[in-house]
Amino acid sequence: MNKSVYATPDQVSETKRHILTVLVDNEPGVLARVIGMFSGRGYNIDSLNVAEVSNDENISRITIVTHGTSEVVSQIEKQLLRIVPVHSVTNLDQEGSSVEAEVALVYIYISDTNKKKVYQLCDLYRARKIENEHNTTIFEIAGASERVNRFIKEINEITKVEIVRSGPVAISSIQKNEEE
Amino acid sequence: MNNEITGAEIVLKSLAEQGVEVVFGYPGGAVLPIYDTLFKQNSIKHVLVRQEGGAIHAAEGYARSTGKTGVVLVTSGPGATNVVTGLTDAMMDSVPIVCITGQVPQHLIGSDAFQECDTTGITRPCTKHNYLVKDVNKLSSVFHEAFTIAQNGRPGPVLIDIPKDVQFASGTYEEKNKIIIPSHRLFEPSPDFEKNKIEEAVELISKAKKPIFYIGGGCINSGPTASKLVREFINMVGSPVTMTLMGLGVIGSSDKNSLGMLGMHGMYEANMAMHECDVMINIGARFDDRVTGRLDAFSPNSKKIHIDIDESNINKTINVDVPIIGDVKQVVEKMISIWKDKKYKIDNDSLKLWWDKINKWKEVDCLNYNNEGKQIKPQYAVQRLYELTKNTKTFVTTEVGQHQMWAAQFYKFEEPNRWLTSGGLGTMGYGFPAAIGAQIGHPDALVVDIAGDASILMNIQEMSTAVQYRLPVKIFILNNEYMGMVRQWQELLHGGRYSESYTDSLPDFVKLAESYKAVGLRAKTTDELDDVITEMIETKNTVIADIWVTKEENCFPMIQSGSAHNEMMLSKDQKQDKKSAEKGKILV
Ligand SMILES: Cc1ncc(C[n+]2csc(CCOP(=O)(O)OP(=O)(O)O)c2C)c(N)n1
Ligand SMILES: [Mg+2]
């Protein structure tokens, strides 16, 4: 439950994956503040994603996937809120319903013998071939992390690949009023 | 535009508008434009320290004794790295500080230029917020925001790093009231904040049979009115109250409800009452490990109310039943009015039984020590210091070690803001510069640094500062020729192997004082003690009083690491049970 120097009485809840979305002022050092809080206090970052989402207001959205007990994750949320440029922290798991997706780019080593199988599998997963000047086989797949995992596992069984993944981004799917 | 002034002038103008009267600093290449501007004005006083580490502790002492924000000005590179300890100290103890650092000009940033360092990178985790200002036109708004952030919510240090070219550049100054700080950057409780929780808390208190108030430094940060209200409320309830090291003074020592300090070297009755209470009311404290002892045995049967301005302190180490996020003054004000409106009253019979029990614990007389012989006991030295200064307006600072704990146990505080000690970080070398800062803030008061022989050497160079500014600060060294607290732990936990804790080759403190043109005094026996203290108080100059105390005295009572509140050690002869001793050894 806690980070005290004294032993924890009893573990209170189980460790779970959580997706936090953090709105921040887009100013120098803000990402370092967020990451530094995690490393300094010994919390986990499984993946992290950041991009500006509103040009006029200069706000960025950071999506962090972490894991921990609900007590630890609640501490993480509160510690994030102490950071001056942080606007808000939302734990999407607590909100109940959210949609998440990530993108992977996959460089596939292709030969005459595996070509057919590769294209079939990509078709099945709706992975899209990205045209490029060297005409190498690079596919893009987007979707829930689990789906991307499955695709990567299966393509790996066919041939050698090189992969880059964005890590998940997520958004709450709860109905909102426009004024909010 | 002809309204333009230089960046350095904007710095000074911002400080002046913020009401800054004094800056603690040390010059260097990257802040020369600011020092040049300082030279041309008279409204802000600069105190030249002898090491930047001294500047920031002095600013802390100034801030904590006056309630104002402490301001520090240092150069880039080594100037900036020397303030890191003090920034961390201020962060841990929630002290409002604005620290200005010079930086190499922007075109050199990143080139490993002379005296360049990544100041904002280094200080990010030890400040509440920091800035690297690249645009001279943003300088004044940064300053105004920095002061607000340093003081707002839970106070803390804020650092502003200014490249030299920005100090030279021309730009416009914006006044404080023109700056709008977006609300998410501040802590702003809404007027009806936590109304239901406060009602729930007050009702819980009214039904308590064995209540205890547990008071921390947050009450002091909330301002003197907060202390008054807390006293008033506790009086209405009739409950016993204990204070943390940082909270001493919120409740007067002579207050009938006060059980004194709690925690590792706190009072037996305070810790026992915490252990056995049925309702605990934590106001502005944070369940620090020095206070709680073993967590799984911490106050096992109580309902806990926790009032804190920093939400991250809620349920961090101890789960509470009624958390209230807010400023102490506002919350307690509301509690009092609810208590009155509802005509609440605690059941007198149970309260009486509770006090009877507490009075039994008091009979243990936990601070009792053997005061035989001619040699001065450190506890006795603090007791005499208290007796001889209690009728004077006195500020006490400390270094870190046994002397700090004896000061907390034996010096009695009746008011907030009079006791300045490094609690969270435990920084040796804090006390003397902090005393300098307190004396600057209170020129006519008596300021005493209760010091250890080892700690005082960590910032002894500030003697030069104290003498230059004619600050009659008193350094009262409890000289045991040991890093006493280290030696005590080695005695209790490491078989008495005093590895590197003897402070050999100490200076002659009397001659040391004289070499700075200050006054050195020495007491070797109990007969000499009162005269030395009296002379120290009456001397209108900086004084080092070297008090030779018994060398191997231990600080008791003590909750050893790994033990619980009800397992206090009252003397050396009492052994901790083996299992908790083994478990406790790895803790700090
Ligand atoms: C900067 C720093 N370094 C090391 C320590 C660890 N430490 C805590 S108390 C202490 C000994 C202090 O000795 P002294 O100042 O003589 O005080 P005494 O305990 O003898 O009263 C030490 C080394 C510390 N608190 N701060
Ligand atoms: Mg010592």
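Residues numbered from 1 in each chain as written. Chains lettered and ligands numbered in written order. Predicted model: local features only at pLDDT ≥ 70, side-chain atom pairs only at ≥ 80, totals over all residues. Heavy atoms only, no water.

Take the overall build of chain A next. Scanning chain A from terminus to terminus reveals 5 helices and 9 strands. Secondary structure of chain A in N-to-C order comes out as β-α-β-β-α-β-α-β-α-β-β-α-β-β. A globule of 180 residues ought to have a C-alpha radius of gyration of about 16 Å, yet chain A, at 20 Å, is considerably larger. Projected onto its principal axes, the C-alpha positions of chain A cover 60 × 45 × 35 Å. (Helix = DSSP H or I, 4+ residues; strand = E, 2+ residues; numbered from the N terminus. Rg over C-alpha atoms; globule rule 2.2 N^0.38 Å.)

All names here are of chain B. Pairing is parallel across the open sheet formed by 6 strands, whose spatial order is 3-2-4-5-7-6. Lying at the two open borders of the sheet, with one neighbouring strand each, are strand 3 (45-48) and strand 6 (129-132). The average undirected angle you get between the axes of adjacent strands in this sheet is 20°. Two elements, strand 2 (residues 22-25) and strand 3, share 4 bridges in a ladder whose sense is parallel. (Pairing = 2+ DSSP bridges. Axes fitted to C-alpha atoms, helices over the stretch in contact; angles between N-to-C directions.)

All names here are of chain B. Residue Pro557 is bonded to the preceding Phe556 through a cis peptide linkage, with omega at -5°. Tracing the backbone shows Pro557 in the loop between strand 20 (543-548) and helix 23 (578-585). Its identity is not glycine, yet Gln115 carries a phi of approximately 60°, on the positive side. Assessed through its relative accessible area of 27%, Gln115 is described here as partly exposed. (Buried < 20%, exposed > 50% of the residue type's maximum accessible area, 1.4 Å probe, protein only.)

Listed as interface residues are 21 residues of chain A and, on the opposing side, 28 residues of chain B. Across the chain A to chain B interface the summed buried area is about 2200 Å²; carbon plus sulfur atoms make up 57%. One can count 3 salt bridges joining chain A with chain B. Between Arg185 of chain B and Asp25 of chain A there is a salt bridge, and its shortest N-O distance comes to 2.8 Å. Summed over the shared surface of chain A and chain B, the number is 8 residue pairs in polar contact (both at pLDDT 80 or more). Sorting the residues of the side of chain A that touches chain B by element identifies helix 1 (30-40), helix 2 (70-82) and strand 4 (86-91) of chain A as the ones contributing at least two each. Each residue belonging to the side of chain A that touches chain B can be placed in one class, and the counts come to 9 nonpolar, 6 polar and 6 charged. (Contact = heavy atoms within 4.5 Å. Buried area = accessible area lost by both parts, 1.4 Å probe. Salt bridge = Lys/Arg side-chain N within 4 Å of Asp/Glu carboxyl O. Polar contact = N/O pair within 3.5 Å; in protein donor to acceptor, adjacent residues only side chain to side chain. Nonpolar A, V, L, I, M, F, W, Y, C, P; charged D, E, K, R; others polar.)

Right, let's get into helix 18 (residues 431-441) of chain B. Side chains of residues three or four places apart in an α-helix project in the same direction, reflecting 3.6 residues per turn. Counted residue by residue, helix 18 of chain B has 10 buried out of 11 residues, so it is predominantly covered. Inspection of helix 18 of chain B places Gly431, Phe432, Pro433, Ala434, Ala435, Ile436, Gly437, Ala438, Gln439 and Ile440 of chain B among the buried residues, and these make up the whole buried set.

On average, chain B scores 96 in pLDDT, and the residues at 70 or more come to 99%. Predicted as a complex, the structure gets a pTM of 0.95 and an ipTM equal to 0.93. (pLDDT = per-residue confidence, 0-100.)

Residues and elements named next belong to chain B. By the definition in use, this model includes 0 disulfides over all chains. Cys99 forms no disulfide, and the closest cysteine sulfur to it belongs to Cys126, at a distance of 9.5 Å. What makes Cys99 buried here is its relative accessible area of 0%. Cysteine Cys117 remains unbridged, with the sulfur of Cys99 as its closest cysteine sulfur at 11 Å. (Disulfide = S-S within 2.5 Å.)

Residue and element names in this part refer to chain B. A grouping of Glu528, Asp531, Glu535 and Glu538 is seen on the molecular surface, where their side chains present a negatively charged patch. Within the fold, Glu538 resides in helix 22 (residues 526-538). Residue classification places Glu538 among the exposed positions, given a relative accessible area of 57%. (Patch = residues over 30% accessible without salt bridge, like charges linked within 9 Å, V, L, I, M, F, W, Y side chains within 5 Å. Areas by Shrake-Rupley, 256 points an atom, 1.4 Å probe, with all protein chains shown as cover. Lys, Arg positive; Asp, Glu negative; His and termini not counted. Charge placed at Lys NZ, Arg CZ, Asp CG, Glu CD.)

Residue and element names in this part refer to chain B. The domains assigned to chain B are domain 1 (5-174), domain 2 (195-362) and domain 3 (378-548). For domain 1 versus domain 2, the separation of C-alpha centres amounts to 37 Å. With 7 residues of domain 1 at the contact, the number on the domain 2 side is 6 residues. Counting each side, the surface lost to burial between domain 1 and domain 2 is near 570 Å², with a carbon and sulfur contribution of 50%. (Domains from an automatic or database assignment.)

Time to look at helix 16 (residues 378-389) of chain B. Helix length check: helix 16 of chain B (12 residues) gives 17 Å between terminal C-alpha atoms against 16 Å at 1.5 Å per residue, within 8%. In this fold, the buried residues of helix 16 of chain B make contact with strand 15 (394-398), helix 17 (402-410), strand 17 (446-452), strand 18 (474-479), helix 22 and strand 20 of chain B. (Expected span 1.5 Å × (residues − 1).)

A few words now on the coordination of the magnesium ion (ligand 2). Residues and elements named next belong to chain B. In this structure, Asp453 (OD), Asn480 (OD1) and Tyr482 (O) serve as the protein donors to the magnesium ion (ligand 2), at separations of 2.0 to 2.2 Å. Positions of the donor residues of the magnesium ion (ligand 2) along the chain correspond to the pattern D-x26-N-x1-Y. With respect to burial, Asn480 and Tyr482 carry one shared label: buried. (Donors = N, O, S within 2.8 Å, 3.2 Å for Na, K, Ca; no water.)

The next point concerns the site of ligand 1. Residues and elements named next belong to chain B. Within the structure, ligand 1 sits among 17 residues, and Gln402, Gly426, Ser455, Tyr482 and Gly484 are positioned closest to it. Backbone polar atom of Tyr482 to an oxygen atom of ligand 1: 2.9 Å apart, as the coordinates give it. Met485 is positioned such that a nitrogen or oxygen atom in its backbone is 2.9 Å from an oxygen atom of ligand 1. Relative to its unbound accessible area of 590 Å², ligand 1 is 77% covered by the protein chains. At 3 residues, helix 20 (residues 484-493) tops the list of elements feeding residues into the shell around ligand 1. A breakdown of the residues in the shell around ligand 1 according to their chemical character gives 8 nonpolar, 8 polar and 1 charged. (Near = heavy atom within 4 Å.)

A separate point is the pattern of salt bridges. Under the definition given, this model contains 30 salt bridges over all chains. Residue Glu27 of chain A pairs with Arg185 of chain B through a salt bridge whose shortest N-O separation is 3.2 Å. With Glu27 of chain A in the loop between strand 1 (16-25) and helix 1 and Arg185 of chain B in the loop between strand 8 (170-171) and helix 9 (195-206), the pair connects residues from two separate chains. According to the relative accessible area criterion, Glu27 of chain A is partly exposed, its value standing at 22%. One salt-bridge network, held together by shared partners, links Asp25 and Glu27 of chain A together with Glu145 and Arg185 of chain B.

Residue and element names in this part refer to chain A. Position of Ala142 among the secondary structure elements: in strand 7 (residues 138-143). On a C-alpha basis, the gap between Ala142 and Tyr125 in space is 9.3 Å, while along the polypeptide they are 17 residues apart. Beyond its immediate sequence surroundings of up to four residues, Ala142 is in contact with Glu102, Val103 and Arg147.

Next up on the list: the environment of Ile220 of chain B. All names here are of chain B. Position of Ile220 relative to the elements: it lies in helix 10 (residues 218-221). In this structure the C-alpha to C-alpha distance between Ile220 and Arg64, which are 156 residues apart in sequence, comes to 8.7 Å. Once residues lying within four places of it in the same chain are set aside, the contact partners of Ile220 are Met246, Gly247, Leu248, Val250, Pro416 and Asn417.

Residue and element names in this part refer to chain A. The antiparallel open sheet is built from 4 strands, whose spatial order is 2-3-1-4. Two strands bound the open sheet, and with one partner strand each, they are strand 2 (47-54) and strand 4. When the angles between neighbouring strand axes are averaged without regard to direction, this sheet yields 20°. Pairing geometry for strand 1 and strand 4, over 5 bridges, is antiparallel. Following the sheet pairing, Val22 is matched in strand 4 by Val89.

Here we take up the packing of aromatic side chains. Residue and element names in this part refer to chain B. Using the criterion set out here, one finds 17 aromatic pairs over all chains in the structure. When the ring of Phe213 is compared with that of Phe233, the centres are 5.8 Å apart and the planes differ by 90°; the resulting orientation is edge-to-face. Here Phe213, found in strand 9 (residues 211-215), pairs with Phe233, found in helix 11 (residues 224-237); they are 20 residues apart in sequence, far enough to count as distant. Comparing Phe213 with Phe233, the two get one shared label, buried. (Phe/Tyr/Trp six-rings, centres within 6.5 Å; stacked < 30°, edge-to-face > 60°.)

Turning our eyes to something else, we now look at the domain arrangement of chain A. Residue and element names in this part refer to chain A. One can read the domain layout of chain A as domain 1 (16-91) and domain 2 (98-170). Taking only C-alpha atoms into account, the centre of domain 1 sits 29 Å from that of domain 2. Contact with domain 1, which involves 8 residues of that partner, is made by 7 residues of domain 2. The junction of domain 1 with domain 2 conceals about 530 Å² of combined surface from both sides, 48% of it contributed by carbon and sulfur atoms. Joining domain 1 to domain 2, the criterion identifies 1 salt bridge. Taking the shortest distance from any N to any O, the salt bridge between Glu100 and Arg17 comes out at 3.1 Å. Connecting domain 1 to domain 2 are 2 residue pairs in polar contact (both at pLDDT 80 or more). For the side of domain 1 that touches domain 2, the elements supplying multiple residues, two or more each, are strand 1, strand 2 and strand 3 (59-68). Split by residue class, the side of domain 1 that touches domain 2 holds 3 nonpolar, 3 polar and 2 charged.

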